[in-house]
Amino acid sequence: MAFRQFGAAAAIAVSLAFGVSPALAATEIQWWHAMTGANNDVIVKLANDFNASQSDYKVIPTYKGGYADTMNAGIAAFRAGNAPHIMQVFEVGTATMMAATGAVKPVYKLMADAGEKFDPKAYLPAITGYYSTSKGEMLSFPFNSSSAVMWINLDALKKANIAEIPKTWPEVFDDAKKLKAAGYATCGFSGSWWTWLNLEQLSAWHNVPLASKANGLDGFDTVLEFNGPLQVKHLENLVELQKDKTYDYAGRTNTGEGRFTSGECPIYLTSSSFFGNVKAQAKFNFTAVPMPYYPDVKDAPQNSIIGGASLWVMGGKTPEEYKGVAKFLTFLSDTDRQVWIHKASGYLPITKAAYEKAKAEGFYKDQPYLETPLLELTNKPPTENSRGLRLGNMVQLRDMWSEEVEQALAGKKTAKQALDAAVERGNQMLRQFEKTAVH
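Residues numbered from 1 in each chain as written. Predicted model: local features only at pLDDT ≥ 70, side-chain atom pairs only at ≥ 80, totals over all residues. Heavy atoms only, no water.

Colleague: Sorry, what's going on with the layout of surface pockets here?
Modeller: To find the voids left in a structure, one rolls a probe of water-molecule size over its atoms. Here the largest pocket defines a volume of roughly 1,000 Å³. Looking at the lining of the largest pocket, the elements that each hand over two or more residues are helix H2 (37–53), helix H3 (67–79), strand E4 (141–146), helix H9 (194–205), helix H13 (275–281), strand E9 (307–313), helix H15 (335–345) and helix H19 (394–409). Counting residues per element, the lining of the largest pocket draws most heavily on H19, at four residues. When its residues are assigned to classes, the lining of the largest pocket shows 14 nonpolar, 18 polar and six charged. Approximately 450 Å³ is the volume attributed to the second largest pocket. (1 Å grid on protein atoms, 1.4 Å probe; cavity = no way out; pocket = protein on both sides within 12 Å on 5 of 7 lines; lining within 4 Å. Points joined across faces, edges and corners; volume = space filled by probe spheres on them. Helix = DSSP H or I, 4+ residues; strand = E, 2+ residues; numbered from the N terminus. Nonpolar A, V, L, I, M, F, W, Y, C, P; charged D, E, K, R; others polar.)

Structure below.
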């Protein structure tokens, strides 16, 4: 037996010496992700296609639970010395990943070290800005990106004799009253991911800061600033309309999305990635249009910001493993592959070339609503207020902001009191994060 094992080892040694890579010597690349259902199928297909395209590396995808679970598992694994090579992290985990010193290898460094051709300018700036330093160096690789849109039940608008799809917030409020009168008694309009839509996106879309230091992109010493006139006025409007259900709060996350597909709420603001469910479940004609804006705010609308996730490369791996990771990221950036991901998942193409190709192929002619998030993201060049945001402990921050907003919607605090408290409590959390993040 020992001789036979030696024989196999010798054969491998000989083949390596002659530059032949035997199949069993493929370097494994572990990829932890948070995708389920059809999106999990996309991940498995990408890994299989890459593995079939060459024999030096083998990407092994593993589902690790939801976004927060996946990030926590990856950080714990890094501390234990067995982190994956690639980890999918949702956009609001960016600050936490950056602060995990030594735990990550920035993508721009990875590509340079591995000698892979890499041009950050080939990617859509509204997407990469979220994951880059202020110098434009890409820290993680954008993978599945979406943005916020307004989903419209076209049959409901017809029933209420509304001829034009609303573009501004005052028009949404008026139309929601008409819809309520036309039989949509429990909900004229609503939305999911409350803080993402009504604080984070609202601020960027109107070119107003959510926080100082370019919403935290330029430093962990950022201070929250979303208790200004625009955000207060918006919350006051929703509090007022909540009283008779012209507006009806649908929770902190996306658990309320079924209220749109069931036909209960005819106007519904949420992620563009809701598309798959709408297509499968809605028994009415629908579309998705840009988020509404307040017409009295100068130069609005600006541009929207992204949701979704990016791929982080973990620290402490060998140059050979990093070479494989770099080749995989190059593989994912291929134009045709990006177009395929876009069509298969409804997530956005991340390169300019893929967006142009999808347009040239007439992909948006029949489904113009799939281009809506791209038109929003690229509406104007991003500013300090609309490049994205990078706040530590973002999951906890959003929960705490929601707590305060819920107090206002329940009539227990004024809109101003609620947002003042959310800012004050949030700033305390940010100072705690800054202490741990800055070594």
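Colleague: Hey, could you run me through the state of the cysteines in this one?
Modeller: Covalent bonding between the sulfur atoms of two cysteines is what defines a disulfide. By the definition in use, this model includes one disulfide. Residue pairing for Cys187: its cysteine sulfur links by disulfide to Cys265, the two sulfurs lying 2.1 Å apart. Of note, the bridge from Cys187 to Cys265 carries an S-S torsion of about 115 degrees and is right-handed in sense. Of the two residues, Cys187 sits in the loop between helix H8 (169–181) and strand E6 (189–191) while Cys265 sits in the loop between helix H12 (258–261) and strand E7 (267–271), which places them 78 residues apart along the sequence. (Disulfide = S-S within 2.5 Å.)

Colleague: What am I meant to see in empty space enclosed by the protein here?
Modeller: Following the criterion strictly, the structure yields four cavities of 30 Å³ or more and no others. Quantified by volume, the largest cavity comes out at close to 70 Å³. Every residue along the wall of the largest cavity is listed here: Trp169, Phe189, Ser190, Gly191, Ser192, Trp194, Leu197, Asn198, His234, Leu238, Tyr247 and Leu269. Elements with a minimum of two residues in the lining of the largest cavity: E6, H9 and helix H11 (229–242). Forming the boundary of the second largest cavity are Met35, Asn39, Val42, Phe143, Asn144, Ile341, Ser345 and Tyr347. Elements represented by at least two residues in the lining of the second largest cavity include exactly H2, E4 and H15.

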